[in-house]
Amino acid sequence: MLKTYLTATVASLLALTAAAYAPSAAAQAKEEVEVMHWWTSGGEAAALNVLKEQLQKEGVAWKDAPVAGGGGDAAMTALRARVTAGDKPTSVQLLGLAIRDWAEQGVLADLTPLAEKEHWADHIPPAIAAFSTYDGKWVAAPVNIHRTNWLWINKKLLDKVGGKAPTNWDEFQALAKKFKDAGITPLAHGGQPWQESTIFDAIVVSVGGNDFYKKAFVDLDPDALGGDTMQKAFDQFRVLRGWVDPNFSGRDWNLASAMVINGEAGMQVMGDWAKGEFIKAGLKPGVDIVCVPYPGSEKAFLFNSDQFAMFSLDDKARQDAQLKLASAIESPSFQESFNLVKGSIPANTEVKPDKFDPCGQKSMADRDAFKSTGGMLPSLAHGHAASAAVKGAIYDVVTNFFNSNQSSADAAKALADAVALAK
Amino acid sequence: MAAVTDAALMVPGPRSTTQVALRWLLFAILGVFALVYLFPLFVMVVTSLKTLDEVRAGNLLSLPQNPTVEPWVSAWSTTCVGLTCEGLKGYFLNSILMTVPAVAISAVIGALNGYVLTKWRFRGDGVVFALILFGCFIPFQIVLLPMARTLGLLGLASSTPGLVFVHVVYGICFTTLFFRNYYAAFPNDLVKSAMIDGAGFFRIFWRILLPNSVPIIVVTVIWQFTNIWNDFLFGVSFAGGGGAMPVTVALNNIVNSSTGVKEYNVHMAAAIIAALPTLVVYVLAGRYFVRGLMAGAVKG
Amino acid sequence: MAVISEPAVAGRRSPFDWLQTILPKLVLAPSFAVTIVCVYGFILFTLYLSMTNSAMLPSFTWVGLVQYGKLWSDPKWTISLVNLGIYGVLYICISTAIGLLLAILLDQRIRIEGALRTIYLYPMAISFIVTGTAWKWILNPGLGLDKLMHSLGWTGFTFDWLIDGNMAIYTIVIAGVWQSSGFVMAMFLAGLRGVDSDILKAAAIDGATLPQTYRRIIIPLMRPVFLSAFVVSAHLAIKSFDLVKAMTDGGPGTSTWTPAFYMYATTFTRNQMGLGAASAVIMLATISAIIVPYLYSELRGGRRD
């Protein structure tokens, strides 16, 4: 009896294993793109689906490789394993300096001929293109531009306390006090390191100005990191700490947005992906939800750009498919439809702002205006200003400061030390 | 081993009130523990039967006002894992194709190893066993990249056979341990007399040891099945693409998406579906599990 | 332990006998070879990496002990080690205690033993990621147990350990113990059932009470099971990356980092592979310090016949 059972098991196993081996006969020469990303559900996935369908019309099959989690963390691990195994995907969603890291490994494809043919350099802002290129060659296709230094205010609550959208630190504090007195949590916050760092980015720009931000977070100047201006930034951060509710720790960002939507909290400092949440809840940006740049950072556009980096492939058919993918990503039609859903603005400046809501239109106007003023600043919190190690080190200091009673002076010193260690 | 209670009950005389009271206390304690253990499962099940509005409005334990199996249907066949909105069902098959062969192969190898290490001693076999055993304790993150390279060299990258290979390699240590401890307690006289009768290496294994190994086979299968089915790290690293993606990676994609409405009811349903095979294995074979452990799997 | 590698009848060495001698080693060889490469080879590789300047991917530029210096001057590493100590000790002790208690209680001839045993065991079947998410929900001050207690009337009840930097690690202990103590219970139950009934009958005849029997006779006889429970719990405690990631993601702040979490974050998220490798080596050293003595006693015991 046991023997029959065992034989049956082994036989079925062998059959199953054979079945697992079988399918690879599928057309390798077919035009197919394998895309790794972390837009795994909801509106973003639907938006990406548009790209998939567009490519299908051109005869290119889409093989999906979604890896959710941590804003790309798990995907980066999976990518590492796959590249090490020699099994590169066609294209991977990458943020900021990660593109440079991979380009340095020499595994990215050269898109320059396509870029020149389609004049990418003319309609992708230089600040963004800086991340799409390496050593003079185009290696990635930017999908969007997020602005991370937005302040979102619930209009109904704003009117209820008789306030107005703040344009500087004093007005900001006054408004917060009005909310607090009315029993409304002034600031909805999700206690995760990246969220705290996003807010801190905006504070640093607000307190020190664009040049200071560059000096501290891009050049990593120790005096900027540990000096008085940074201490003032921590002071402001400490004040914000007093405006959040006690249960903020570990909260996801969209739950914080929900607090603003249902009137528990008055404001949220968050990038423009929050707009998607507000829209889904039926609030109209600019009407029911007020959007202003973080008070004091009006001259700065802290950006974060999702890009699809292209990996170098051997197969001619797959290369052609890859180029079609890159071209489709930059096409105005895709750029428009995707960004309308995502909450960000197109990386392709050819797209007209007509269909976008007031907040998106403001973003687009600033994007074009700041081209020459140096107002386009790479976001540290989202991997565009400094390496992953430095970003992590700053995350640690910022989140520890927010979650403790550390003094600003100690925090600034810790910041300088941590960055020096991580460089 | 209710022999203790038997022994106690062998003391002559009727059951005293103390004994009855103690019995009630016993049930009370066990009951409280059972409630605590079941609590998270209860929360998950209850949430998976509510509509999203109810989830947002209500509290953890409230029973659904309008119970619905829609989250379950969604989790199985329509929820989105990346751009493919077909629920968990496809990935279920991937997990099975990965887990069943891996469990079977690692069990067979473990059985043979245990057999050799206990019945066919040779110089240095203790060292060999120790070296194999130590492999149980390395954290998987260490082996991630070197193994990726190895899989690439073997042509097994991003495939189910590749995953099977990895799980077999890192399962051998436990299966060898379990079988070795079990066969160590197996009487040698049977084996010796078989040898005298002229039986060879494989015959002894096939005819004598294996038929008497049912408890330990069940133990090994349960342990390996649990660990391999629930593995996430190897799954995401070596099968990150759609083709071979196991159900744990798919579940992660459903639950951990960074934006979009979090459909907690669907997430809970999906989590329970993903855990069902292991739960079933535990329920069916729970009795064997304890019996098998008793037979030396983990006794020193 | 009988040695059967010699032929049954002395003097006759046929090819069959030679095959019988070589075959066992052949059978064992693949496992051994695979272990040497995929376990020890990779460990050596990690050791080498810990002395290079590897960043995103392995690099082979030697830098000596620089990474170890960075490791020990990183406050998060100290936090990780302390957390491992707290988590490990609590997790092992509480799992063992609860496991033993439940096993003894279940051993008392109860009709619904099978059902109860399954109830205590089932958490092990659920993956760490799901466990962490579920417990995160339950222990969340705004959503979970707190809210439930308030709505039931106990408005004074607060349980905010999850968001308290000093207490968050204990919430991970709760979730971890919930998950694995059933397995420890199963091990103890098996051990209890293996005790020779003659000894117990003799004790009963001598007039020993139930508690005395347990304390003086049974528990001492279960020393090997205690050792196994310890090793399995220690192994799970050290590997605890998924649970931490799902429940607190190292937070609040950086208060719930553990060595496994540290290794993953530095290697894969922060592109500091050399540093991650160094932390891995220290972790391995810690594990060896616990495991090797156990293996040594195991081997010595094995030779007993």
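Everything that follows concerns the structure shown earlier in this document.
Below or above, wherever it landed, is the structure these notes cover. From a predicted model like this one, the values you see are computed outputs, not experimental measurements.

1. Considering the interface of chain B and chain A
For step 1, the next point in the chain: Of the residues lining the interface, 41 residues belong to chain B; the matching set on chain A comes to 40 residues.
For step 2, the next point in the chain: In this assembly, chain B packs against chain A so that about 3400 Å² is buried in total across both faces, 64% of it on carbon and sulfur atoms.
For step 3, the next point in the chain: Where chain B meets chain A, there are 0 salt bridges.
For step 4, the next point in the chain: Between the two partners, chain B and chain A, sit 5 residue pairs in polar contact (both at pLDDT 80 or more).
For step 5, the next point in the chain: Of all elements in the fold, only helix H5 (89-119), helix H7 (140-154), helix H8 (160-184), helix H10 (201-209), helix H12 (233-238) and helix H13 (247-255) of chain B reach the threshold of two or more residues within the side of chain B that touches chain A.
For step 6, the next point in the chain: Considered class by class, the residues forming the side of chain B that touches chain A number 22 nonpolar, 16 polar and 3 charged.

2. Here's the deal with the interface of chain C and chain B
Size of an interface, as often reported, equals the accessible area lost when the parts are brought together.
For step 1, the next point in the chain: Across the contact, 100 residues belong to chain C and 103 residues belong to chain B.
For step 2, the next point in the chain: Surface buried jointly by chain C and chain B totals about 9500 Å² across both partners, of which 78% is contributed by carbon and sulfur atoms.
For step 3, the next point in the chain: At the boundary of chain C with chain B, the tally comes to 0 salt bridges.
For step 4, the next point in the chain: Viewed at the interface, chain B and chain C are joined by 9 residue pairs in polar contact (both at pLDDT 80 or more).
For step 5, the next point in the chain: For the side of chain C that touches chain B, the element with the most residues is helix H1 (residues 15-49) of chain C, which contributes 18 residues.

3. Regarding the packing of aromatic side chains
Aromatic rings in a pair are described by how distant their centres are and how their planes are angled relative to each other.
Residues and elements named next belong to chain A.
For step 1, the next point in the chain: Applying the stated rule across the entire model yields 53 aromatic pairs over all chains.
For step 2, the next point in the chain: What links up through ring pairs into an aromatic cluster is the set Phe-200, Tyr-213, Phe-217, Phe-234, Phe-237, Phe-248, Phe-401 and Phe-402.
For step 3, the next point in the chain: Between Arg-147 and the ring centre of Trp-150, over which it is positioned, the NZ or CZ distance is 5.1 Å.
For step 4, the next point in the chain: Over the face of the ring belonging to Phe-402 we find Arg-241, whose NZ or CZ atom lies 5.5 Å from the ring centre.

4. A look at the pattern of salt bridges
For step 1, the next point in the chain: Applying the stated criterion to the full structure yields 23 salt bridges over all chains.
For step 2, the next point in the chain: With its nearest N and O atoms 3.9 Å apart, the salt bridge here joins Arg-100 of chain A to Glu-104 of chain A. Placement of the pair is Arg-100 of chain A and Glu-104 of chain A together in helix H4 (residues 97-104), with a separation of 4 residues, close to one helical turn.
For step 3, the next point in the chain: Residue classification places Arg-100 of chain A among the partly exposed positions, given a relative accessible area of 36%.
For step 4, the next point in the chain: Asp-320 of chain A serves as the salt-bridge partner of Lys-316 of chain A, at 3.2 Å between the closest nitrogen and oxygen. Placement of the pair is Lys-316 of chain A and Asp-320 of chain A together in helix H15 (residues 316-330), with a separation of 4 residues, close to one helical turn.
For step 5, the next point in the chain: On the basis of relative accessible area, Asp-320 of chain A is assigned to the partly exposed category, the value being 27%.
For step 6, the next point in the chain: Taken together, the salt bridges that share partners define one network made up of Asp-396 of chain A together with Asp-74, Lys-76 and Arg-270 of chain C.

5. Section: unusual backbone geometry
For step 1, the next point in the chain: One non-glycine residue, Leu-220 of chain A, adopts positive backbone phi at about 55 degrees.
For step 2, the next point in the chain: Within the secondary structure, Leu-220 of chain A is located in the loop between helix H10 (193-218) and helix H11 (222-226).
For step 3, the next point in the chain: The phi dihedral of Asn-271 of chain C falls on the positive side, at around 55 degrees, and the residue is not glycine.
For step 4, the next point in the chain: Mapped onto the elements of the fold, Asn-271 of chain C is located in the loop between helix H12 (259-269) and helix H13 (273-302).
For step 5, the next point in the chain: Note on Asn-271 of chain C: relative accessible area 14%, which makes it buried.

Definitions and cut-offs
- Residues numbered from 1 in each chain as written.
- Chains lettered and ligands numbered in written order.
- Predicted model: local features only at pLDDT ≥ 70, side-chain atom pairs only at ≥ 80, totals over all residues.
- Heavy atoms only, no water.
- Contact = heavy atoms within 4.5 Å.
- Buried area = accessible area lost by both parts, 1.4 Å probe.
- Salt bridge = Lys/Arg side-chain N within 4 Å of Asp/Glu carboxyl O.
- Polar contact = N/O pair within 3.5 Å; in protein donor to acceptor, adjacent residues only side chain to side chain.
- Helix = DSSP H or I, 4+ residues; strand = E, 2+ residues; numbered from the N terminus.
- Nonpolar A, V, L, I, M, F, W, Y, C, P; charged D, E, K, R; others polar.
- Phe/Tyr/Trp six-rings, centres within 6.5 Å; stacked < 30°, edge-to-face > 60°.
- Lys NZ or Arg CZ within 6 Å of the ring centre and 35° of its normal.
- Buried < 20%, exposed > 50% of the residue type's maximum accessible area, 1.4 Å probe, protein only.

Remember that the coordinates give geometry; whether it matters functionally is a separate question.
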